[in-house]
Amino acid sequence: MVLQELGSQISKALAAVQEATVVDEKVLDACLKEISTALLQADVNIKLVFNMRANVKKRVDSDTGAGLNKRKIIEKAVFDELCAMLNSGAETKDTGKKQDKDLKKGKPNVVMFVGLQGSGKTTTCMKYAHFYKKKGFKPAMVCADTFRAGAFDQLKQNATKANIPFYGSYSETDPAVIAETGVNKFKEGGRDLIIVDTSGRHKQEEALFEEMRQVSVSVQPDLIIFVMDGSIGQAAFDQAKAFKDTVEVGSVIITKMDGHAKGGGALSAVAATKSPIAFLGVGEHMDEFENFEAKAFVGRLLGKGDWTGFMDKIKDVVPEDQMKEEIMDSIQKGNFTMRILKDQLQNILKMGPVGQVMGMIPGFNNAMMPKGSDKQSEVRIKKFMTMMDSMTEKELNTNDIKVLTQPSRILRISRGAGRTPQDYHELLEEFKRLKMLICGGKGGGGMMKNMPKNLQKGMAGMNPHNMQMNMAQMSKMLPPHVLKQMGGPGALQGLMRQMEGMK
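In what follows, the accompanying structure is described. If you're wondering where the values come from, they're calculated on a predicted model, not measured in any experiment.

1. A closer look at helix H10 (residues 263-272)
Counting buried positions along H10 gives nine out of ten residues, so the element sits mostly inside the fold. Residue Lys274 follows H10 closely and has a positive phi angle near 65°.

2. Some details on the environment of Glu395
Tracing the sequence through the fold places Glu395 in helix H17 (residues 393-397). Separated by 57 residues in the primary sequence, Glu395 and Met338 place their C-alpha atoms 7.5 Å from one another. The contact partners of Glu395, leaving out residues within four places of it in the chain, are Met338, Ser390, Leu404, Arg409, Arg412 and Ile413. A polar contact is formed between the side chain of Glu395 and the backbone nitrogen of Thr392, at a distance of 2.8 Å. Here the side chain of Glu395 touches Arg409 through a polar contact of 2.7 Å, side chain to side chain.

3. Some remarks on the packing of helix H8 (residues 206-219) against helix H9 (residues 236-246)
Look at H8 against H9: their axes get within 11 Å of each other, and the N-to-C directions meet at 40°. Relative to H9, the element H8 lies oblique. The crossing of H8 and H9 is right-handed. Across the interface between the two elements, Leu208, Phe209, Met212 and Arg213 from H8 touch Ala242, Phe243 and Thr246 from H9.

4. Focus: the pattern of salt bridges
According to the stated counting rule, one finds 19 salt bridges in the structure shown. As a salt-bridge pair, Lys121 and Asp197 come within 3.2 Å of each other at their nearest N and O atoms. With a gap of 76 residues between them, Lys121 in helix H5 (residues 121-134) and Asp197 in strand E4 (residues 193-198) connect regions that are remote in the sequence. By relative accessible area, which is 0% here, Asp197 ends up buried. Residue Arg339 pairs with Glu393 through a salt bridge whose shortest N-O separation is 2.7 Å. Of this pair, Arg339 sits in helix H14 (residues 338-350) while Glu393 sits in helix H17, and the two are 54 residues apart along the sequence. A network of salt bridges, in which partner residues are shared, links Arg380, Lys383, Asp423, Glu426, Glu430 and Arg433.

5. Digging into the pairing of strand E2 (residues 139-144)
Across the six residues of E2, six count as buried, placing the element largely inside the fold. Burial along E2 is two-sided: the face carrying Pro139, Met141 and Cys143 and the face carrying Ala140, Val142 and Ala144 are both buried. One ladder, built from six bridges, connects E2 with E4; its direction is parallel. Bridge pairing in E4 places Ala140 opposite Ile194. Bridge count between E2 and strand E3 (residues 166-167): two bridges; the pairing is parallel. Note on E3: the bridge partner recorded for Val142 is Tyr167.

6. Side note on the state of the cysteines
Considering all chains together, one arrives at zero disulfides under this definition. With no disulfide of its own, Cys143 has Cys125 as its nearest cysteine by sulfur position, at a separation of 8.9 Å.

7. Some remarks on the side chain of Thr123
The topology assignment puts Thr123 in helix H5. A polar contact of 3.4 Å, which involves the side chain of Thr123, links it to the side chain of Gln154. Setting aside residues up to four positions removed in sequence, Thr123 forms contacts with Gln154, Asn158 and Glu284.

8. A look at the side chain of Lys383
Inspection of the secondary structure puts Lys383 in helix H16 (residues 373-389). Residues within four places of Lys383 in sequence aside, it is in contact with Arg419, Asp423 and Glu426.

9. Topic: the environment of Gly182
Structurally, Gly182 can be placed in helix H7 (residues 175-188). In the structure, Gly182 is positioned twelve residues away from Ile194 in sequence and 8.8 Å away in space, judged by C-alpha atoms. Ignoring any residue separated from it by four or fewer positions in sequence, one finds Gly182 in contact with Val142 and Tyr167.

10. Details of the sheet that holds E2
Pairing is mixed across the open sheet formed by eight strands, whose spatial order is E3-E2-E4-E1-E5-E6-E7-E8. The sheet terminates laterally at E3 and strand E8 (289-291), the two strands that pair on one side only. Along the sheet, H5 makes contact with strand E1 (109-115), E2, E4, strand E5 (223-229), strand E6 (249-255), strand E7 (277-281) and E8, crossing E4 at roughly 175°.

11. A short note on the nonpolar core
Residues Ile35, Leu39, Phe243, Ile254, Leu267 and Leu280 are the most contacted members of the largest nonpolar core, which totals 70 residues. Top contributing element to this core by residue count: helix H4 (residues 70-86), with nine residues. When sequence neighbours within four positions are dropped, the list of residues in contact with Leu280 reads Ile254, Met257, Leu267, Glu288, Phe289, Glu290, Phe292 and Phe297. Formed by 28 residues, the second largest nonpolar core is a distinct cluster that contains Met141, Cys143, Ala162 and Ile195.

Rules used in this analysis
Residues numbered from 1 in each chain as written. Predicted model: local features only at pLDDT ≥ 70, side-chain atom pairs only at ≥ 80, totals over all residues. Heavy atoms only, no water. Buried < 20%, exposed > 50% of the residue type's maximum accessible area, 1.4 Å probe, protein only. Helix = DSSP H or I, 4+ residues; strand = E, 2+ residues; numbered from the N terminus. Contact = heavy atoms within 4.5 Å. Polar contact = N/O pair within 3.5 Å; in protein donor to acceptor, adjacent residues only side chain to side chain. Axes fitted to C-alpha atoms, helices over the stretch in contact; angles between N-to-C directions. Parallel < 35°, antiparallel > 145°, perpendicular 65-115°, else oblique. Left-handed = near helix turned anticlockwise from the far one by under 90°. Salt bridge = Lys/Arg side-chain N within 4 Å of Asp/Glu carboxyl O. Pairing = 2+ DSSP bridges. Disulfide = S-S within 2.5 Å. Core = buried A, V, L, I, M, F, W, Y, C linked by side-chain atoms within 4.5 Å.

Now the structure itself:
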């Protein structure tokens, strides 16, 4: 996940407060000192850190009273101050400028990308187009970058990979002419999201700003997005302000946030310019692109999850026919098959990096997803998928575990997938574990019992006694270290309450 080390350090500081016998001034100061150190190491401006610390102390002093939980007050104050630090405030104001949320399907939306060379602008154009293509838009890309050699080739390669139409020219040297021609062509073709990639420079200079103004005049963009390299840290403040003062920047996308130490500084610096941050680039691949919202981001950072983001990802990748009640009813009755497992594993791979997805689930903080575990998880899932591809229809649809454990089948399936019988047994163990967790054993008690229909309605009608049984069953089945990281059985109840609130 983004800023993994920062999130772990802040979570550790808050955990120390929870474990303290008495929460006094000394414990609070130690907690704030550790959080401040972590923020400074992430290159957050010292003034912002000082204000955050002062505001937390002020809130704790004013909110503490008889019957109030001081630990909860500290945790809430830190959470709110981190959100305030990353929130530009522009998202909730009517600034007069169009933002990403204002894009409408079915009518032409021209989006112009600007930024310095090396910020990942062209790659980000492709990610942006791919993101909105999944939302039902019909994107197209125009390369108006005539300054960098190979810019059109890169855009053409990216667009072809994402199956998105593109326009550019090897002979025309005027970027304004290319942009205008390309935009008009795609408007006539019925495209409703036309992305214009402009030239970058090695530094902020008048030639870049003048070219930006010319392209802007020629295409009359509905939205201008500034793409910025997150590795520059708090120096982002001056860069974002210079671009914002030159053109009508509607949104900012910060790239290279996958693990860079100065990412926190870049986020807070851009927010300080009152420029709305729309997305974060967290890797080179198309799906490594996160919608940014301050509260959801801080929630994932501190291991509190982001259910809304998690459900949005599911809606993006799960076909509607897989969300029908028949399938949920089948699972509820204990009919958990290899085909269902295979479908869900495919959906997990479509949702993007495993760590990014797990970070959206409350309790699964960064410490539970060590560096490199994303790749290991993906390799393991693909290994299971290969073996399931070697199964017959009967084997995929059977609910009888005895059929799947016949020696002749084990040998045939593992050989057909180029795997060993030990690999197949690993798949079987995972299948049995998940079936027990979701459907329960002979006596029931699985987490899906009595849940499917109520889950769609916020689980409002679930029997409290059954809910307690589900929690007890899950507590027994989760590995002890995972349960501890989540905060114990009590955290599972909190997790269920969060799900219950999603109506």
